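Summary of structural features
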Amino acid sequence: MALTSKPHKAAPANVQQIDAFIGKGGSAPAPTHVDALTAKVHPLRFHDTDLFDRLEVARRSGGVKLPRNTWILQAISEKLERDAG
Amino acid sequence: MITVVGGTKGGSGKSTVATNLAVMLAASGRDVLLVDADDQETSVDFTTLRNETRPSGAGYTCVALTGRAVFTEVQRLAPKYQEVVIDTGGRDTASQRAALAVADVYLVPFAPRSFDVWTLDKVAELVEETRAVNPNLRALAFINRAEVRGSENAEAAELLRQKPALEYIPVSLGSRKAYAHAAAAGLAVTELRPQDPKATDEVGALFGYLFDIKKISKLKTA
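Since the model is a prediction, treat every value here as computed from it, not as a measurement. (Residues numbered from 1 in each chain as written. Chains lettered and ligands numbered in written order. Predicted model: local features only at pLDDT ≥ 70, side-chain atom pairs only at ≥ 80, totals over all residues. Heavy atoms only, no water.)

**Re the overall build of chain B**
- A tally of regular secondary structure across chain B gives 9 helices and 7 strands.
- What you see for chain B is a C-alpha radius of gyration of 16 Å, in line with the 17 Å of a compact globule of 222 residues.
- Seen along its three principal axes, the alpha-carbon backbone of chain B occupies a region of about 45 × 45 × 30 Å.
- Taken across its 222 residues, chain B has 57% of its residues classed as buried.
- For chain B, the accessible surface area stands at approximately 9600 Å², while carbon and sulfur atoms represent 50% of it.
- Distance from the positive charge centre (26 side chains) to the negative charge centre (27 side chains) of chain B: 5 Å. (Helix = DSSP H or I, 4+ residues; strand = E, 2+ residues; numbered from the N terminus. Rg over C-alpha atoms; globule rule 2.2 N^0.38 Å. Buried < 20%, exposed > 50% of the residue type's maximum accessible area, 1.4 Å probe, protein only. Areas by Shrake-Rupley, 256 points an atom, 1.4 Å probe, with all protein chains shown as cover. Lys, Arg positive; Asp, Glu negative; His and termini not counted. Charge placed at Lys NZ, Arg CZ, Asp CG, Glu CD.)

In structure tokens:
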């Protein structure tokens, strides 16, 4: 066949349309972790700003950007495991 | 292909199906991303157990995502993997909608019980609504946790067939202890030893229907 009709390309849904669609879904139940409310808070001071910058670079370079608190807790956990082993 | 295992009813076996499919895809040689978009994070827990108990690790990558990030991150990560399986919670959440907006296939397990099939209309409406933003979505429904005897399976199948928004898959997974035993050990039911042949056959039939893959490598238990 020498001639074909013009292919129809599905029009991409616009961002607002997708946002509106997603927004109609319910949110996940609010966390009711008692430990989150009673968690011990230990503020960290980064005197060495380079260390903080390196932390942020490492945190952002992962496939999924973890919250800073989670990333630091994971790092502590990994060090403790390494030291214990 | 991006496959979302979802629905609007809890307890229909979504995480069991999602984790089994992810393991079987990995065993067939595919590079697999399992996305846990359920706040219960059952797939993450399963994967953690699997990573801890198997020297070779889970065999696939698992991440937990919620809300709109399911859409944006899966869009970004999907080209890096051959298969993406998304496990969503049993409610009409922003996470499930975000997954549907980016999915190729929506796989909905229904248990053959009244409370489950009563959610059929809502699921069908959700599919229709999704097609406004994702016109090529293929929505598939099948019976999970099927009864060993009685008429419930056939009755549920008839109700599923009546929904034009969903394509009924004539494959069902039985209500078998093997699935729970395998999950408790961080295994797909195909990896369980001694094997439950019926469970292995039926999950293999579902897998073959979805992915048209015949060969699954011999799976070793940890």
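**Focus: the environment of B:P135**
- Residue placement: B:P135 occurs in the loop between α6 (120–130) and β6 (138–146).
- Measuring from C-alpha to C-alpha, the distance between B:P135 and B:P79 comes to 20 Å, with 56 residues separating the pair along the chain.

**Focus on the sheet that holds strand β1 (residues 2–5) of chain B**
Residue and element names in this part refer to chain B.
- Read from one edge to the other, the open sheet built from 7 strands follows the order β3-β2-β4-β1-β5-β6-β7, with strand pairing classed as parallel. One side of each edge strand has no neighbouring strand; the edge strands of this open sheet are β3 (61–64) and β7 (167–174). The average undirected angle you get between the axes of adjacent strands in this sheet is 20°.
- Bridging between β1 and strand β4 (residues 83–88) involves 4 bridges; their strand directions are parallel. In the sheet register, V5 faces β4, and the bridge partner there is D87.
- Along the sheet, helix α1 (residues 14–27) makes contact with β1, β2 (32–37), β4, β5 (105–110), β6 and β7, crossing β4 at roughly 165°.
- Sitting on the sheet, helix α2 (residues 42–53) is in contact with β2, β3 and β4, with an inclination near 135° to β2. (Pairing = 2+ DSSP bridges. Axes fitted to C-alpha atoms, helices over the stretch in contact; angles between N-to-C directions. Contact = heavy atoms within 4.5 Å.)

**Here's the deal with the pairing of β7(B)**
All names here are of chain B.
- Looking at chain direction, β6 and β7 are connected through 4 bridges and run parallel. Counterpart to I143 in the pairing with β7 is S172.
- Between β6 and its parallel partner β7, the chain crosses via helix α7 (residues 152–161), and the hand of that crossover is right-handed. (Right-handed = clockwise from strand over helix to strand, strands pointing away.)

**Focus: helix α3 (residues 49–61) of chain A**
Residue and element names in this part refer to chain A.
- Its 13 residues place the ends of α3 18 Å apart at the C-alpha level, agreeing with the 18 Å of an ideal helix rising 1.5 Å per residue.
- Residues of α3 that are buried: L55, E56 and R59. Down the axis of α3, the smallest arc covering the buried residues is 95°, so these residues share one side. Along α3, exposed side chains directed more than 90 degrees from the buried face belong to R54, V57 and S61. (Expected span 1.5 Å × (residues − 1). Arc of directions from axis to C-beta.)

**Things to note about the interface of chain A and chain B**
- Each partner contributes to the interface: chain A provides 15 residues, whereas chain B provides 20 residues.
- The interface formed by chain A and chain B holds 2 salt bridges in total.
- Residues B:R68 and A:D19 are paired through a salt bridge, measuring 2.2 Å at the closest nitrogen-oxygen approach.
- Inspection of the chain A/chain B interface yields 5 residue pairs in polar contact (both at pLDDT 80 or more).
- Of the residues assigned to the side of chain A that touches chain B, the class counts are 8 nonpolar, 5 polar and 2 charged. (Salt bridge = Lys/Arg side-chain N within 4 Å of Asp/Glu carboxyl O. Polar contact = N/O pair within 3.5 Å; in protein donor to acceptor, adjacent residues only side chain to side chain. Nonpolar A, V, L, I, M, F, W, Y, C, P; charged D, E, K, R; others polar.)

**Remarks on unusual backbone geometry**
Residues and elements named next belong to chain B.
- The omega torsion of the bond from R193 to P194 falls at -5°, within 30 degrees of zero and hence cis.
- Here P194 shows up in the loop between α8 (177–184) and α9 (197–211).
- A positive phi angle, close to 55°, is found at E41, a residue other than glycine.
- The residue E41 is located in the loop between β2 and α2 in this model.

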